[in-house]
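# Survey of secondary and tertiary structure
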Protein chains: 2
Amino acid sequence: MNELKERIARDGKNLGGGILKVDSFINHQVDPGLMDACGREFAARFAKVGATKILTAEISGIAPALMTARHLNLPVVYARKTKPITMPDQVFLTLAPSHTKGRMVELIVSPEYLGHGEKILIIDDFLATGSTIHGLVRLAQTAGATIVGIGALIEKSFEGGRAALKELNVPIESLVCILSMDGDNIVLGDC
Amino acid sequence: MNELKERIARDGKNLGGGILKVDSFINHQVDPGLMDACGREFAARFAKVGATKILTAEISGIAPALMTARHLNLPVVYARKTKPITMPDQVFLTLAPSHTKGRMVELIVSPEYLGHGEKILIIDDFLATGSTIHGLVRLAQTAGATIVGIGALIEKSFEGGRAALKELNVPIESLVCILSMDGDNIVLGDC
């Protein structure tokens, strides 16, 4: 997707260690027009998968997932990383390693909003090793739901996440792929 | 705003202790059409305040703030509660008591995205005691920015937040007011 690719080329920063800084337009400051365009693109690519709900993880998955949900006219659920007091005692919970936090984080969804028979489209900001998305897959499958597609704004294709998710046999769509991040460079390509 | 008022009357739950559960449509599962309508309403009410940026707090402020930003065509910044590794060492940081967490939380904004001369519209999900919004006000003022308006989806008017923010002398707009939450009841009214 050219609009996102050009923005990463212009404003993204390679901080080293595989960390891509995109917090001027995705995950601290957010460009709502860009996020809306990304949501529209995801909605077009996943128009025929029959999703009944979108699932993402707080925090930085919320903006792209919400905009995709708007265009598909579906509810969106974001997995919480800490259990709020409004959630029932019995929850779906899994652990996933966080690349940017350097530790395991909990992903928690209330059984009120993830149920048997739902067809789940997962949308997140990054697809890197795929560990967060795998965590969301486990939550959905534990709830008796089916995964029908996976979308990420940015795929770091050198981290192998796509291969790790292949076994699910669902469409995986990334809007921009980062092919390598050697030195200060960010090499962008098609997915 | 009738659409939100009717939704709270139908799906909101009074959990006692002043806790209103709205996680089927605002802050765990999100209804994107409702959030978009709320964003449009905020955009209309704040059309003339001259905002240059919207400021909110993660996590549940993101959806209404993003939709408002979309309609006003402005960037939105969400204050982080933990400092990500992509953020510089020097940040704007304040502490605010969290009603639902029962402890103080940090609110952190990078100086890259909150600067001198900006005109800030604060949008959040709840206005209760006003402590989170006061935290956002402190961050903006420390950065040399000016607050030009404050909007909340839901105001718990019995908690006094509006009076505490009056000294700022800016428009405060809530889309729905909760007048009282005695017993199992939720008494909704105009603000």
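Our subject is the structure that appears above.
As the structure is a computational prediction, the values presented were derived from the model and not from experiment.

### Structural notes on the sheet that holds strand β10 (residues 172–180) of chain B
- With mixed pairing, seven strands are arranged side by side in an open sheet as β3(A)-β5(B)-β4(B)-β8(B)-β9(B)-β10(B)-β11(B). Of all the strands in the sheet, the pair left with one neighbour each is β3 (29–30) of chain A together with β11 (187–189) of chain B.
- The sheet contact formed by strand β9 (residues 146–156) of chain B and β10 of chain B spans six bridges and is parallel. Paired with Ala 152 of chain B across the strands is Ser 174 of chain B, a residue of β10 of chain B.
- Strand contacts of helix α2 (residues 32–45) of chain B: β8 (119–127), β9 and β10 of chain B, with the helix running at about 120 degrees to β10 of chain B, the strand carrying the most contacts.

### Some remarks on the interface of chain A and chain B
- Contacts between chain A and chain B engage 42 residues on the former and 42 residues on the latter.
- Contact between chain A and chain B buries roughly 3500 Å² in total, counting both sides, with carbon and sulfur atoms accounting for 62%.
- The largest contributions to the chain A side of the interface with chain B come from His 28, Ile 59 and Tyr 113 of chain A, which together make up 21% of the buried area.
- Linking chain A with chain B are four salt bridges.
- Where Arg 70 of chain B meets Asp 36 of chain A, a salt bridge forms, and the shortest distance between an N and an O atom there is 3.7 Å.
- Here chain A and chain B share 20 residue pairs in polar contact (both at pLDDT 80 or more) between them.
- For the side of chain A that touches chain B, the elements supplying multiple residues, two or more each, are β2 (20–21), β3, α2 (32–45), α3 (62–72), β5 (76–79) and β7 (103–109) of chain A.

### Re the relation of the copies chain A and chain B
- Here chain A sits on chain B after a turn of 180 degrees about the axis and a move of 0.0 Å along it, with an RMSD of 0.0 Å. The transformation relating the two chain copies, once decomposed into turn and shift, fits a two-fold axis. Taking the C-alpha atom as reference, chain A places Ile 59 of chain A closest to the rotation axis, 3.2 Å from it.
- A share of 100% of the interface residues of chain A reappears at the interface of chain B, consistent with the copies meeting face to face through the same patch.

### Thoughts on the pairing of strand β10 (residues 172–180) of chain A
Residues and elements named next belong to chain A.
- As paired strands, β10 and strand β11 (residues 187–189) are joined by three bridges and run antiparallel to one another. Residue Cys 177 lies in a different strand from β11, and its bridge partner there is Gly 189.
- The loop that links β10 with its antiparallel partner β11 comprises six residues; one of these, Gly 183, has a positive phi angle of about 55 degrees.

### Some points on the side chain of Asp 124 of chain B
- With respect to the secondary-structure elements, Asp 124 of chain B resides in strand β8.
- This buried residue, Asp 124 of chain B, is left without a salt bridge; Lys 81 of chain B holds the nearest opposite charge, at 7.2 Å.

### So, the pairing of strand β4 (residues 53–57) of chain B
All names here are of chain B.
- The buried fraction of β4 amounts to five of the five residues, a majority that puts the element mostly inside the structure.
- Because side chains alternate across β4, one face comprises the buried residues Lys 53, Leu 55 and Ala 57, and the other comprises Ile 54 and Thr 56, equally buried.
- Of the strand pairs in this sheet, β4 and β8 are connected by three bridges, and their pairing is parallel. The residue bridging Ile 54 from the neighbouring strand is Leu 121, located in β8.
- Crossover connection from β4 via helix α3 (residues 62–72) to parallel strand β5 (residues 76–79): handedness right-handed.

Definitions and limits used
Position numbers for residues count from 1 along each chain, tracking the sequence in the order it is written. Labels follow written order: the first chain is A, the first ligand is 1, and so on. Predicted model: local features are reported for residues with pLDDT of at least 70 only, side-chain atom pairs are reported and counted for 80 or more only, and whole-chain, interface and lining totals are derived from all residues. Values shown for side chains rest on all heavy atoms present in the structure; no hydrogens or waters enter the calculation. At least two bridges found by DSSP between two strands is the condition for calling them paired. Numbering of helices and strands runs from the N terminus, with a helix taken as a DSSP run of H or I at least four residues long and a strand as a DSSP run of E at least two residues long. Contacts are assigned to residue pairs that have any heavy atoms within 4.5 Å of one another. Between N-to-C directions, angles cover 0 to 180 degrees, with each direction set by a line fitted to C-alpha atoms, over the stretch in contact for helices. Buried area: the accessible area, evaluated with a 1.4 Å probe, that two parts lose upon being put together, summed over both parts. Any carboxyl oxygen of Asp or Glu that lies within 4 Å of a side-chain nitrogen of Lys or Arg is treated as forming a salt bridge with it. Any pair of N or O atoms that falls within 3.5 Å is considered a polar contact. Within protein, one atom must be able to donate a hydrogen and the other to accept it, and sequence-neighbouring residues count only if both atoms are side-chain atoms. We superpose the copies by least squares over the C-alpha atoms of residues that have a pLDDT of at least 70 in both of them. Partly exposed describes any residue whose relative accessible area lies between the buried limit of under 20% and the exposed limit of over 50%, with all areas from a 1.4 Å probe on protein chains only and scaled to the type maximum. When charges are tallied, Lys and Arg are placed among the positive residues and Asp and Glu among the negative ones, while His and the ends of the chain are skipped. Here, the term right-handed applies to a crossover whose path from the first strand over the helix to the second runs clockwise when the strands point away from the viewer.

Geometric values such as these leave the question of function open.
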